Structure formats: C-alpha cells, structure tokens
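Chain and residue survey
Chain residues, written in single-letter form:
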Amino acid sequence: ADAPADRTYLAEEHGRRMAAAGVLRHLERFHAPAMLLDVGAGPGLLVSEAKTMGWNAQGLEPAAWAVAESKARGLGDAVRQGDTATLATLPTQSV
C-alpha cells in the first residue's frame, strides 16, 4: 500500500521552498535556467520554485500521495509517479 501523506513535510513548506530557491540561485551562478529533473520530487515544491524562476522543471516521485498533492497544487503532469527505474522507460525529450 502507498504511504500516507507526510503532513510534517507539508507543514514545513515555507522553509523547504526557501531552501529550494537557494539551491536554484546557487545553480544559476554556474548555469542559466534550463531543464531540471527532481528525482524524489515529493509534492513538487522544488519543481514549483524552479518553474517560477524560469527552469523547465519536471519531477519523478514514487509516492502516490505526493504526486496527487502536486496535481492539487496546480503542477499538472510536472511531477510523475515513478522511480529511477522509470527513467529508462521515458521518451528522451519527456524530461
């Protein structure tokens, strides 16, 4: 069975978004916004921040609750359910 929603993770959203934005700003010191894949994306907080900052961001997440939460937050199909084994099955240009 799929794990229940991680309410603690969600309660820490503000701090997690701030941390994600900091990581992205650091990356931008070396590379302009481009394609970004977040493996283990959770509910898509990094993906959301990256999109806001101009990145072409996608996420891959094994937990169904987190993928559903990302959709509820308006990310559509930006976060897909799967794990690293799923990467080999995706079309090259899909992520």
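As the structure is a prediction and not an experimental result, all values here were calculated from the model.

**Things to note about the confidence of the model for the chain**
- Mean pLDDT for the chain: 90, with 93% of residues reaching 70 or above.
- When mean pLDDT is taken per element in the chain, helix α3 (residues 45–52) scores highest with 97 and helix α5 (residues 84–87) scores lowest with 84.

**What about the packing of helix α2 (residues 13–28) against α3?**
- Running from amino to carboxyl end, α2 crosses α3 at an angle of 50°, the nearest separation of the two axes being 9 Å. The pairing of α2 with α3 is recorded here as oblique in orientation. Like other packed secondary-structure pairs, α2 and α3 cross with a definite hand, here right-handed. Between α2 and α3, the residues in contact are E13, R16, R17, A20, A21 and L24 and L45, L46, S48, E49 and A50, respectively.
- Residues that form the contact of α2 with α3 fall into these classes: six nonpolar, one polar and four charged.

**Some remarks on the side chain of D38**
- Here D38 is to be found in strand β1 (residues 35–39).
- Buried D38, no salt bridge; nearest opposite-charge side chain is R16, N-O distance 9.9 Å.
- Every residue in contact with D38, bar those within four places of it in the chain, is listed here: L46, V47, Q58, G59 and L60.

**A short note on α2**
- When the terminal C-alpha atoms of α2 are compared, their 22 Å separation across 16 residues agrees well with the 22 Å that a helix rising 1.5 Å per residue should span.
- Buried-residue contacts for α2 involve β1 and α3.

**Describing the pattern of salt bridges**
- Summed over the entire model, instances satisfying the criterion amount to six salt bridges.
- Measuring nitrogen to oxygen at the nearest pair gives 2.9 Å for the salt bridge that ties E69 to R73.
- We note a salt bridge from K71 to D77, for which the minimum N-O separation is 2.9 Å.
- A relative accessible area of 39% means that K71 is categorised as partly exposed.
- Here the salt bridges do not stand alone but share partners, grouping E13, R17, E49, E69 and R73 into one network.

**Notes on the environment of E13**
- Note that E13 resides in helix α2.
- In the structure, E13 is positioned 62 residues away from L75 in sequence and 15 Å away in space, judged by C-alpha atoms.
- Among the polar contacts listed, one links the side chain of E13 to the side chain of R17, at a separation of 2.7 Å.

Criteria and thresholds
- Residues numbered from 1 in each chain as written.
- Predicted model: local features only at pLDDT ≥ 70, side-chain atom pairs only at ≥ 80, totals over all residues.
- Heavy atoms only, no water.
- pLDDT = per-residue confidence, 0-100.
- Helix = DSSP H or I, 4+ residues; strand = E, 2+ residues; numbered from the N terminus.
- Axes fitted to C-alpha atoms, helices over the stretch in contact; angles between N-to-C directions.
- Parallel < 35°, antiparallel > 145°, perpendicular 65-115°, else oblique.
- Left-handed = near helix turned anticlockwise from the far one by under 90°.
- Contact = heavy atoms within 4.5 Å.
- Nonpolar A, V, L, I, M, F, W, Y, C, P; charged D, E, K, R; others polar.
- Buried < 20%, exposed > 50% of the residue type's maximum accessible area, 1.4 Å probe, protein only.
- Lys, Arg positive; Asp, Glu negative; His and termini not counted.
- Salt bridge = Lys/Arg side-chain N within 4 Å of Asp/Glu carboxyl O.
- Expected span 1.5 Å × (residues − 1).
- Polar contact = N/O pair within 3.5 Å; in protein donor to acceptor, adjacent residues only side chain to side chain.

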